Amino acid sequence: MGAPALRTYIRKTRASALLRLYQVKIRLQQWRQQHGLKLATIVLLAVAASAVAVLPPLQRLAGSYFSASENLATLRSLLSATGAALIGAATIAFSLVVFAMQINVERMPHGLFKQLSSDSRLLCAFLGSFLIALLIAGTSLIPTDRWAIQAIFAAVWGVAAIALLFVYAYRRALQIINPIEQLSIMSRAVNDDLRKWSRLADLAAITMEQAPLPGVAIVGSRFNESKAIFLMKNAAWDATARQAIHYAISYARRFAEQGDYEVADNAFRKIIEINAAYCQAKQGAFIAADSFIEMPGAFDSFINATLEHLRQTMQAALTTGDERLAQSTLRTLAALYAAYLQIRYPGLKPAKHHAMLASGYLASAVEAVAPHDFPDVMMEGIRQMGYGARTALDHTDPMEIITLVQKIGLLSAVGVAKTSHQPVTLVAFEQLSLVTYDLLSKGQDEIDYTVREVRTTVITAAKLFLFTTDTPLGSTHRRTLAPYFSASQATSFLSRLNVLANQLLAMPEDSEHATRVIDNLEAWADQIYEPIKELLLLAVDKRSHFTSDAIDWIIQVSSLLNAVSEAAACSDHTAEELRTHASWLVRTLSWLPADRESVSFVEAFSLTQSLFNASVEARQRSCPDYLQDCQYLLLAWAKKGGSHEDGWGILEKSIKGLIVLAIEEGSAEAVDVMKQRLSELLAGNDAPQEQARIRAAAGLNRTARQLGQRRGGRSIDRALARQDHELVRGVLADIASMLAP
């Protein structure tokens, strides 16, 4: 083994040994945290048992020493003094703990201070140390020297116990003073109180008569009427939870002002935990609101109070310019929205009333940020809105996310008004792409209306953003709209859709999930060509480099729809609809303007190559209608490009592509049909200009001479070189003569 190899081996061995050492250390720390108390108890019991076992030998060895009255009197004095000193020490220690609590009273609400100052563990530690000190002092009353060793033994263990209790009281006092621990103690107390009331309500439901609520007709079997009646009669059952929410909000705002956001974030987490515990305790007694009838009991004062507290906190954060507090508030509102989605209501498909209320508060809070110069806060709010919409798809009707999605689309317009807020628009399109994907892949109900509204929101927001100024290098339009329209980003909607399509193609015929997703995809693609056409034409009109992504998106989505139509789980009717949508979508490219500037601008993004590649893929997938559409588009684009002398060689490239497609059909008739169509093109109105025809003919003749001599180049040239050279030369010569007789 050479020196370099030896050094490499030593370095790897050392790194591996250090990694294993750290792994062992971490496991030991985890084990100590989980079983440290048990281990300490076992050790103490073992030491105590050992001490008890050695008492008889000690009695025999040292018992005679205390037979002298002077020695026994000295021992009694020592024990008495020790006990008295420990009583004083316990009193002083308790006084210091109380003082430490008192100086921190201004850091906590009065009610919470009252609760924490009567901490049972701390009081027990003090009482325990005081009683043990009394017992040590009491050992000085031993009657004879026979009890001397036992008294010493008891005193030693008593001193050790008092020392441990002092340490425990000290650490407990530090915990109580710690605001995070204060919040944890409060949260545990509230959870215990809510569980108590839930158990009482369940017991009452067993004993109470099942009397219906006055004026309320409940459909379904999940409504616990007796529990609802019990909680209504005991209206103060949630008083502890209400008070805790008030305390947590107070902590969050106070410590945020001091810059201690760790405590503020912990306070918000406790608000979420308390609300989740409240929903769990009241589960079965919630009543859904009705749009037409006022439902008694639908109003929940606890939830409304929580949301109102957070609204006020958001206002305070914006007023003081505290962005971190505002972001934490938005995250809390989103988490509460997810928690309220877990509420089960009686009836057939009831609306998630309280969750929708929370989503309204969330959307309003994000809207309130718009007038302020806080783009980071807006981006976080939009992320939370998108997260909420995606979470709702697992718990409620898809239609209930429409409002949130439309709000996201509306907020994306901030990047149009303020250039500095364009990252907000980028985040908005990220969330819109994620929501659209989840709607297609998760939606279990009819999503036709929902998916159309989401699609309309996306296109409207994109069209609005195209009115901003684009940049030639690193196009702002392409970068901002990329999460939905880019074909190159691995996390874009189109990339995710391609992965989904591959998964659908791999699923068996009897897969219900695959069938449902394919139906959702068909609903999304229905009538999609109209808004996409408007977006494409606007991009060309604005000379936006987003035109490139729009063209690629149209072609790739069309190809994807054709691919999904071949899935085993796709029904014949759905397959036909998908192919129809693909054809209509790709035909939007026929609406491209024919003026010189527009044609040159679009061809800069290789439209001719893209149409040819789409035609080749259509032939591979055996989609004759789609192939015919692509050939028609290629021929129409040749006409538009040939009408202008723009230097892009559109007419020449299009004709070579059509030649390849005709030859690959494998019949002379296909070549003749292609020639006939070209002849009609040259003889019709708006035929290519003479200079363009001469230039294209020269290019075709040059291609015929160099056929097979050049490697690489465009995909059209490579495909042409793979055909029969003699046949290709003949066809090229014929068409060249047609162009320039």
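About the cut-offs
Residues numbered from 1 in each chain as written. Predicted model: local features only at pLDDT ≥ 70, side-chain atom pairs only at ≥ 80, totals over all residues. Heavy atoms only, no water. Core = buried A, V, L, I, M, F, W, Y, C linked by side-chain atoms within 4.5 Å. Buried < 20%, exposed > 50% of the residue type's maximum accessible area, 1.4 Å probe, protein only. Helix = DSSP H or I, 4+ residues; strand = E, 2+ residues; numbered from the N terminus. Contact = heavy atoms within 4.5 Å. Patch = residues over 30% accessible without salt bridge, like charges linked within 9 Å, V, L, I, M, F, W, Y side chains within 5 Å. Areas by Shrake-Rupley, 256 points an atom, 1.4 Å probe, with all protein chains shown as cover. Salt bridge = Lys/Arg side-chain N within 4 Å of Asp/Glu carboxyl O. Lys, Arg positive; Asp, Glu negative; His and termini not counted. Charge placed at Lys NZ, Arg CZ, Asp CG, Glu CD. pLDDT = per-residue confidence, 0-100. Phe/Tyr/Trp six-rings, centres within 6.5 Å; stacked < 30°, edge-to-face > 60°. Lys NZ or Arg CZ within 6 Å of the ring centre and 35° of its normal. Expected span 1.5 Å × (residues − 1). Arc of directions from axis to C-beta.

In terms of nonpolar packing, the biggest core is built from 184 residues, with F485, W524, W553 and L589 touching the most fellow members. Per element, the largest residue contribution to this core is 11 residues, and it comes from helix α10 (residues 261–281). With residues up to four places along the chain from it excluded, the contact list for W524 reads T436, L440, V451, R455, Y484, F493, L497, W553 and V557. Of all hydrophobic cores here, the second largest spans 12 residues; its members include L72, L86, A133 and A151.

Take a negative patch on the surface next. A cluster of like negative charges, contributed by D445, E446, D448 and D519, occupies part of the molecular surface. Tracing the backbone shows E446 in the loop between α17 (422–442) and α18 (448–465). With a relative accessible area of 65%, E446 lands in the exposed category.

Next up on the list: the confidence of the model for the protein. Scored by pLDDT, the protein has a mean of 84; 89% of the residues are at 70 or more. Mean pLDDT values over the elements of the protein span from 62, in helix α4 (residues 110–117), up to 95, in helix α12 (residues 323–340). For residues 216–221, every residue scores under 50 in pLDDT, and the model assigns this stretch 8 contacts once sequence neighbours within four places are set aside.

Let's shift gears to the packing of aromatic side chains. If you walk through the whole model with that rule in mind, you get 16 aromatic pairs. Between the aromatic rings of F601 and F605, the centroid separation amounts to 5.2 Å while the plane-to-plane angle is 90 degrees, which identifies the pairing as edge-to-face. Clustering of aromatic rings is evident, with ring pairs tying together Y484, F485, F493, W524, F546 and W553. When the ring centre of F601 is taken as reference, the NZ or CZ atom of R543 above it lies at 5.6 Å.

Judged by side-chain polarity, L18, L21, Y22 and I26 come together as a nonpolar surface patch covering roughly 400 Å² of accessible area. Its location among the elements puts L18 in helix α1 (residues 3–53).

Right, let's talk about helix α29 (residues 668–683) for a bit. One full turn of an α-helix is made of 3.6 residues, so residues set three or four places apart face in the same direction. Helix length check: α29, at 16 residues, gives a terminal C-alpha distance of 23 Å against a target of 22 Å (1.5 Å per residue), a fit within 8%. Within the span of α29, buried status applies to A670, V671, M674, K675, L678, L681 and L682. Relative to the axis of α29, the buried residues are bounded by an arc of 135 degrees and lie together on one face. What points out from α29, more than 90 degrees from its buried face, is the exposed set A668, E669 and A683. Next to the buried residues of α29 lie α27 (624–642), α28 (650–664), α30 (690–706) and α32 (725–739).

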